[in-house]
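Tertiary structure, described
Now for the letters of each chain:
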Amino acid sequence: MKKIITCIGIRPDIIRLSQIIKKLDNNFENLIVDSGQHYDYNLNKIFYDQLGVRLPDYNLNIKSGTHASQVARLMIEFEKVLMKELPEFVIVLGDNNSSLGFALATAKMNIPLVHIESGMRSKNWFMPEEKNRKIIDHLADMNICYLPEHKNNLLREGLNPRRSWVVGNPIIEVVQSVKLSFSQEKPFYLVTCHRAENIELKQNLEIILQFLGKLYSHYNTEIKFILMPKTKIMMEKYELKFPEGINPIPPQGFIEFLGMEKEADLVLTDSGTVVEECAILGTPCLTIRESTERVDLIELGVNTLTGLDVDQMLESATLALSRDIEPVLHYGKNIADKICNILIGNSLNFHKKADR
Ligand code: UDP
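Presented here is a report on the structure given in the accompanying data block. (Residues numbered from 1 in each chain as written. Predicted model: local features only at pLDDT ≥ 70, side-chain atom pairs only at ≥ 80, totals over all residues. Heavy atoms only, no water.)

1. So, the site of the ligand
This is how the line gets drawn: Only a single heavy atom is needed: when it lies within 4 Å of a molecule or strand, its residue is near that molecule or strand. Polar contacts, as used here, are pairs of N or O atoms within 3.5 Å; protein pairs need one atom able to donate a hydrogen and one able to accept it. Residues neighboring in sequence count only if both atoms are side-chain atoms. Per-residue accessibility takes into account occlusion by the displayed protein chains alone, with areas from the Shrake-Rupley method and a 1.4 Å probe. Helix and strand assignments follow DSSP, with helices taken as H or I runs no shorter than four residues and strands as E runs no shorter than two, numbered in order from the N terminus. Basically, the charged four are Asp, Glu, Lys and Arg, the nonpolar ten are Ala, Val, Leu, Ile, Met, Phe, Trp, Tyr, Cys and Pro, and anything else, Gly included, counts as polar.
The environment of the ligand is formed by 17 residues, the closest being Arg11, Gln252, Ser271, Thr273 and Glu277. Contacts to the ligand include glutamine 252, whose backbone N or O atom sits 2.8 Å from an oxygen atom. Between threonine 273 and the ligand, the recorded distance is 2.5 Å, taken from a side-chain N or O atom to an oxygen atom. Out of a free accessible area of 540 Å², the ligand has 92% covered by protein chains. Of all the secondary-structure elements, those providing two or more residues to the shell around the ligand are helix H1 (11-27), helix H11 (254-263) and helix H12 (272-281). In terms of residue count, the dominant contributor to the shell around the ligand is H12 (4 residues). Class assignment of the residues belonging to the shell around the ligand gives a composition of 8 nonpolar, 6 polar and 3 charged.

2. Concerning a negative patch on the surface
Heads up, the condition is: Patches here: salt-bridge-free residues with over 30% relative accessible area, like charges joined within 9 Å, nonpolar side chains (Val, Leu, Ile, Met, Phe, Trp, Tyr) joined within 5 Å. Salt bridges are counted wherever a side-chain nitrogen of Lys or Arg sits within 4 Å of a carboxyl oxygen of Asp or Glu. The charged-residue count follows a simple rule in which Lys and Arg add positive charge and Asp and Glu add negative charge, with His and chain termini not counted at all. A single reference atom marks each charge: NZ on Lys, CZ on Arg, CG on Asp, CD on Glu.
A contiguous patch of negative charge on the surface is contributed by Glu290, Asp309, Asp311 and Glu315. Here aspartate 309 is to be found in the loop between strand S13 (303-305) and helix H14 (310-321).

3. With respect to unusual backbone geometry
Selection criterion: Remark: exposure states derive from per-residue accessible area (1.4 Å probe, protein chains only) relative to the maximum for the residue type, with buried under 20%, exposed over 50%, and partly exposed in between.
The phi angle at lysine 63 is positive, at roughly 55°, despite the residue not being glycine. By the secondary structure assignment, lysine 63 is in the loop between strand S3 (58-59) and helix H3 (67-85). Judged by relative accessible area, lysine 63 falls into the partly exposed class, the value being 37%. Within the chain, asparagine 334 stands out as a residue other than glycine whose phi angle is a positive 50°. Tracing the sequence through the fold places asparagine 334 in the loop between H14 and helix H15 (335-346).

4. With respect to the nonpolar core
Threshold: Side-chain atoms within 4.5 Å link the members of a nonpolar core, which is a set of buried Ala, Val, Leu, Ile, Met, Phe, Trp, Tyr and Cys residues. Here a residue-residue contact requires only that any non-hydrogen atoms of the pair lie within 4.5 Å.
Among the nonpolar cores identified, the biggest contains 60 residues, and Ile116 and Leu343 are the most heavily contacted of them. For isoleucine 116, the contacting residues outside a window of four places in its chain are Leu17, Ile20, Ile91, Val92, Leu93, Gly94, Ile144, Tyr146 and Ile339. Residues Leu215, Leu227, Leu240 and Ile246 belong to the second largest nonpolar core, which totals 30 residues.

5. Topic: the sheet that holds S3
The test is simple: The pairing criterion for strands is at least two bridges between them, as found by DSSP. Note on geometry: axes are C-alpha line fits, over the in-contact stretch for helices, and angles between N-to-C directions span 0 to 180 degrees.
Sheet architecture is open: 7 strands sit in the order S3-S2-S1-S4-S5-S6-S7, paired in parallel fashion. Of all strands in the sheet, those with a lone pairing partner are S3 and strand S7 (164-166), marking the two edges. Of the pairings in the sheet, the one linking strand S6 (residues 142-145) to S7 comprises 3 bridges and is parallel in character. When the bridges of S7 are listed, cysteine 145 appears paired with valine 166. Together, strand S4 (89-93), strand S5 (113-118) and S6 form the strand contacts of helix H5 (residues 128-139), whose direction differs from that of S5 by roughly 140°.

6. Brief notes about the environment of lysine 23
Relative to the helices and strands, lysine 23 is located in helix H1. Under the relative-accessibility criterion, lysine 23 is labelled partly exposed at 30%. In sequence terms lysine 23 and asparagine 341 are 318 residues apart; their C-alpha atoms lie 9.6 Å from each other. Every residue in contact with lysine 23, bar those within four places of it in the chain, is listed here: Ala336, Asp337 and Cys340.

7. Observations regarding the pairing of strand S11 (residues 266-269)
Note the threshold: Crossover handedness is defined here as right-handed if the route from the first strand over the helix to the second strand goes clockwise, with the strands pointing away from the viewer.
Side-chain alternation along S11 places Leu266 and Leu268 on one buried face and Val267 and Thr269 on a second face that is also buried. Here 4 bridges tie strand S8 (residues 188-192) to S11, and the two strands are oriented parallel to one another. By the bridge assignment, valine 191 is partnered in S11 with leucine 268. The pairing of S11 with strand S12 (residues 285-287) spans 3 bridges and is classified as parallel. Residue leucine 268 lies in a different strand from S12, and its bridge partner there is leucine 286. Taken together, S11, H12 and S12 form a β-α-β motif whose crossover is right-handed.

8. A few points about the pattern of salt bridges
In the structure shown here, the tally under the stated rule is 23 salt bridges. Note that aspartate 25 and arginine 54 form a salt bridge whose closest N and O atoms lie 2.8 Å from each other. Note that aspartate 25 is positioned in helix H1 and arginine 54 in the loop between helix H2 (45-51) and S3, a separation of 29 residues in sequence. Owing to a relative accessible area of 26%, aspartate 25 belongs among the partly exposed residues under this scheme. We note a salt bridge from aspartate 141 to arginine 163, for which the minimum N-O separation is 3.9 Å. Placement of the pair is aspartate 141 in the loop between H5 and S6 and arginine 163 in the loop between helix H6 (148-156) and S7, with a sequence separation of 22 residues. Residue classification places aspartate 141 among the buried positions, given a relative accessible area of 14%. Residue classification places arginine 163 among the buried residues on the basis of a relative accessible area of 5%. Here the salt bridges share partners, and the residues they tie into one network are Arg16, Asp95, Glu117, Glu130, Arg133, Glu197, Glu276, Arg289, Glu293 and Arg294.

Dropping the structure here:
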């Protein structure tokens with residue numbers, strides 16, 4: 001069997017790759033490398049446990065830090081693994097700093113690189129994720145896209161169409177694999193908010209908290225706010241407090257959180273994965289951001305991009321609460337199988353494809 005490496009950067013990577021890893025394990029000698037960028041139990045190991053993913057073969061213990069120090073440390077540590085293991089190819093997913101470090105180290109050693117979740121673009125160059133995903137796509141030898149429009153983004157950037165595949169979105173198989181367990185009699189709204197663009201600028205974080213306060217005073221409905229460590233740090237730094245009615249709770253396990261998403265009357269989030277899950281579950285959802293790479297969900301009318309304007313956010317919430325959402329159907333099926341087949345069918349040609 002061919003030796004390959006599957007890289008895990010952060011929480012959503014474990015979630016999205018959970019079904020794919022099981023298929024890869026049947027067809028390859030598959031080593032899992034976890035960056036260690038997320039290291040608390042409830043941001044890392046709980047997802048391996050709940051989704052039945054075996055523990056990683058390597059943990060690089062990168063932890064947190066500035067962009068440069070995270071990427072640099074990851075490259076140094078991952079290069080050691082690559083030199084020792086010499087895999088036939090490396091798989092990375094997504095757009096986080098670890099994914100960038102994994103991709104750079106791999107490409108620098110001329111080891112073929114596969115990028116899953118390729119071609120998403122928010123067209124917002126200030127976002128760290130936009131820079132990461134663009135660089136990784138251009139380093140990759142194989143770009144695995146979720147939707148045709150993502151492949152079109154790559155073609156617009158001049159990438160070779162024969163290096164890109166459209167397979168559907170693996171999150172749908174993950175959601176379908178989980179037995180939900182959460183119930184609450186009283187209505188509630190659910191919030192996740194920890195993207196750099198929303199929490200690092202005091203003004204933006206203030207707008208979001210002000211909006212949530214007004215949302216509570218309008219509807220008198222409990223707002224559960226998943227408080228990530230970095231949001232907590234920024235709130236302390238800026239001396240911001242939660243308004244009345246906002247109930248901060250620690251990060252949840254996937255089974256619990258998915259159950260909350262299903263039960264919530266409204267989800268408000270800056271997470272790309274959460275908006276996809278709500279679209280699958282049929283839960284009304286707002287994207288609290290100025291731009292999004294999940295354009296498909298906005299165009300389908302199942303999600304609304306609120307921008308950071310309190311009145312517009314309130315209006316979006318009122319509209320979202322007033323209508324029923326049909327679960328989306330365009331994410332496809334058998335995605336993990338398709339990815340595996342594409343890798344098996346094309347990996348022989350990897351080394352012949354140095355042309356760009
Ligand atoms: N999630 C979770 N527990 C939580 C909050 C989120 O399991 O308390 C899951 C959520 O269902 C989704 C993923 O974590 O699958 C989203 O992670 P995050 O927002 O960190 O990443 P992004 O989607 O922005 O890449």
